[in-house]
Amino acid sequence: MVSVIIPALNEEKTIRQVISLVSRSSIVDEILMIDDKSHDNTIKQSRLPKVRIYTSPIIGKGNSMRDVMLLAKNEVVIYLDADIVTYPENIAELLSRPILDDEADFVKSTFERQAGRVTELVAKPLLSILFPEMAKFSQPLSGMIGARKSMLKKIDFENDYGVDIGILLDMHAMGARIKEVNIGYIEN
């Protein structure tokens, strides 16, 4: 089975939809939402069956992601952004199936979307220079990922929004089998 982790900060308008979507998946038996001290009704909107809610003791996406991952009961965990309501119905399966089928240790999402200037203008050019073997990933900054918990425990989580690319680079450095999967069109 799969644990879904949803880091959130002021996402009262979208968090319920994300939770409702993943709670319908037959492979998801645990949903952990970690709130980064929201000032809105994110926590209230997250109170649904299957959901365990935590508040991060230290503000920052990376800290939140690591802290709640350590509380997950399953070896396979996926992370989803709390502000996206255009996930496909089978998002949990897309991000976890390569791991469950022992084809990968880490799954990185790729998707189509309206923009992506930081990725195209900064992240991908830097990767192609500093880590040429990583330039093949079309969405290196994507926060929608799946991984083996045992491998995530071995890496450092940067405590800012660079955490996503940091995880990718650390997984590569550890020799993880990395697979990129297309999750369709994303809008946030």
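This text follows the structure it describes.
Residues numbered from 1 in each chain as written. Predicted model: local features only at pLDDT ≥ 70, side-chain atom pairs only at ≥ 80, totals over all residues. Heavy atoms only, no water.

Side chains of strand 4 (residues 76-79) alternate between two faces, with Val-76 and Ile-78 and Val-77 and Tyr-79 buried alike. Sheet analysis places strand 1 (residues 2-8) next to strand 4, joined by four bridges and oriented parallel. When the bridges of strand 4 are listed, Ile-5 appears paired with Tyr-79. Where strand 4 lies against strand 6 (residues 145-148), four bridges are found, and the strand directions are antiparallel. If you follow Val-76 over to strand 6, its bridge partner there is Arg-148. (Buried < 20%, exposed > 50% of the residue type's maximum accessible area, 1.4 Å probe, protein only. Helix = DSSP H or I, 4+ residues; strand = E, 2+ residues; numbered from the N terminus. Pairing = 2+ DSSP bridges.)

Let us now look at helix 3 (residues 61-69). Within the sequence span of helix 3, burial applies to Lys-61, Gly-62, Ser-64, Met-65, Val-68 and Met-69. The arc that holds every buried residue of helix 3, seen down its axis, measures 165°, which confines them to one face. Considering only its buried residues, helix 3 is in contact with strand 1, strand 2 (28-35), strand 3 (51-55), strand 4, helix 6 (149-152) and helix 7 (163-173). (Arc of directions from axis to C-beta. Contact = heavy atoms within 4.5 Å.)

Before going further, it helps to spend a moment on the side chain of Asn-74. Summarising the element assignment, Asn-74 is placed in the loop between helix 3 and strand 4. Residue Asn-74 is classed as buried on the basis of its relative accessible area, which comes to 11%. Polar side-chain contacts of Asn-74 include one of 2.9 Å to the side chain of Ser-3. Not counting residues within four places of it along the chain, the set of residues in contact with Asn-74 comprises Met-1, Val-2, Ser-3, Asp-29, Glu-30 and Lys-149. (Polar contact = N/O pair within 3.5 Å; in protein donor to acceptor, adjacent residues only side chain to side chain.)

Right, let's get into a nonpolar patch on the surface. A surface patch of nonpolar side chains, amounting to about 400 Å² of accessible area, comprises Leu-126, Ile-129, Leu-130 and Phe-131. With respect to the secondary-structure elements, Leu-126 resides in helix 5 (residues 117-130). (Patch = residues over 30% accessible without salt bridge, like charges linked within 9 Å, V, L, I, M, F, W, Y side chains within 5 Å. Areas by Shrake-Rupley, 256 points an atom, 1.4 Å probe, with all protein chains shown as cover. Salt bridge = Lys/Arg side-chain N within 4 Å of Asp/Glu carboxyl O.)

It is worth spelling out the nonpolar core at this point. Soluble, globular proteins show a tendency: their nonpolar side chains are buried together. Residues Leu-80, Tyr-87 and Leu-95 are the most contacted members of the largest nonpolar core, which totals 31 residues. Of all the elements, helix 1 (residues 15-23) adds the most residues to this core, at five residues. Here Leu-95 is in contact with Ile-78, Tyr-79, Leu-80, Val-107, Ser-109, Met-144, Ile-145, Gly-146, Val-181 and Ile-183, once residues within four sequence places are set aside. Phe-137, Met-151, Val-163 and Ile-167 belong to the second-largest nonpolar core, a separate cluster that totals 25 residues. (Core = buried A, V, L, I, M, F, W, Y, C linked by side-chain atoms within 4.5 Å.)

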